[in-house]
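# Architecture at a glance
For reference, the chains in residue letters:
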Amino acid sequence: MLQNCSQQNISAVFIIQPKPNWNNYIVHRVAVPGKRQINNRFSTYPLGRINRIGFIDGNLLIKHADVSNSEALLVYTTSNKPTGKYAGCVAGQLGKSNSICPSFN
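Reference entry: report on the structure contained in this document. (Residues numbered from 1 in each chain as written. Predicted model: local features only at pLDDT ≥ 70, side-chain atom pairs only at ≥ 80, totals over all residues. Heavy atoms only, no water.)

## Details of the state of the cysteines
Overall, the coordinates contain 1 disulfide when judged by the stated rule. Covalently, C89 is tied to C101 through a disulfide, its sulfur atoms 2.0 Å apart. Disulfide C89-C101: the torsion about the S-S bond is -75°, which places it as left-handed. Highlighted residues: C89 in strand β6 (residues 85–91) and C101 in the segment after β6, separated in sequence by 12 residues. On the basis of relative accessible area, C101 is assigned to the partly exposed category, the value being 21%. (Disulfide = S-S within 2.5 Å. Helix = DSSP H or I, 4+ residues; strand = E, 2+ residues; numbered from the N terminus. Buried < 20%, exposed > 50% of the residue type's maximum accessible area, 1.4 Å probe, protein only.)

Given below as structure tokens:
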């Protein structure tokens with residue numbers, strides 16, 4: 001999965017989940033939503049530039065930017081999935097683009 005993202009020049013976030021015996025792990029790609037439904041758990045809409053990633057109280061926060069220097073914070077709340085559940089987007093600094101947050105039809 002990581003090599004596929006690199007070849008396509010896609011910025012994405014991955015959660016590495018250790019298996020109970022710690023001899024192995026599972027890689028999950030965090031799905032960034034978009035205009036259409038994502039095909040499967042390995043799909044995501046790409047991010048332009050990821051500036052920071054972190055967890056606060058179990059919630060995943062992803063700060064990202066685009067080429068126009070607009071910035072936003074994607075929020076994923078805890079859920080039964082290791083990647084969490086997409087909860088929303090907060091636009092921070094707006095550059096030339098105001099479409100920094102995922103849009104839905």
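From this point, the discussion proceeds with the structure in view.
## Quick look at the pattern of salt bridges
What the rule picks out here adds up to 1 salt bridge. Put simply, K63 and E71 hold a salt bridge, and the shortest N to O gap is 3.6 Å. (Salt bridge = Lys/Arg side-chain N within 4 Å of Asp/Glu carboxyl O.)

## A word on the side chain of H64
Counting through the fold element by element, H64 comes out in strand β4 (residues 59–65). In this structure H64 comes out as buried when scored by relative accessible area, which is 4%. Those residues in contact with H64 that sit more than four places away from it in its chain are L47, R49, I50, N51, S70, E71, A72, L74 and I100. (Contact = heavy atoms within 4.5 Å.)

## Quick look at the sheet that holds β6
With antiparallel pairing, 4 strands are arranged side by side in an open sheet as β3-β4-β5-β6. Of all the strands in the sheet, just β3 (49–56) and β6 have a single pairing partner and so form its edges. The average undirected angle you get between the axes of adjacent strands in this sheet is 20°. Pairing between β3 and β4: 7 bridges, direction antiparallel. Across the sheet, I50 pairs through a bridge with H64, a residue of β4. (Pairing = 2+ DSSP bridges. Axes fitted to C-alpha atoms, helices over the stretch in contact; angles between N-to-C directions.)

## Observations concerning the nonpolar core
Counting 9 residues, the largest nonpolar core is built from V13, I15, V30, V32, L47, L60, I62, L74 and Y76. Sorting the residues of this core by element identifies β4 and β5 (71–77) as the ones contributing at least two each. Among residues more than four places away in sequence, those in contact with Y76 are V30, A31, V32, P33, N59, L60, I62, T83, K85, Y86 and A87. (Core = buried A, V, L, I, M, F, W, Y, C linked by side-chain atoms within 4.5 Å.)

Interpretation in functional terms is not warranted from these geometric data alone.
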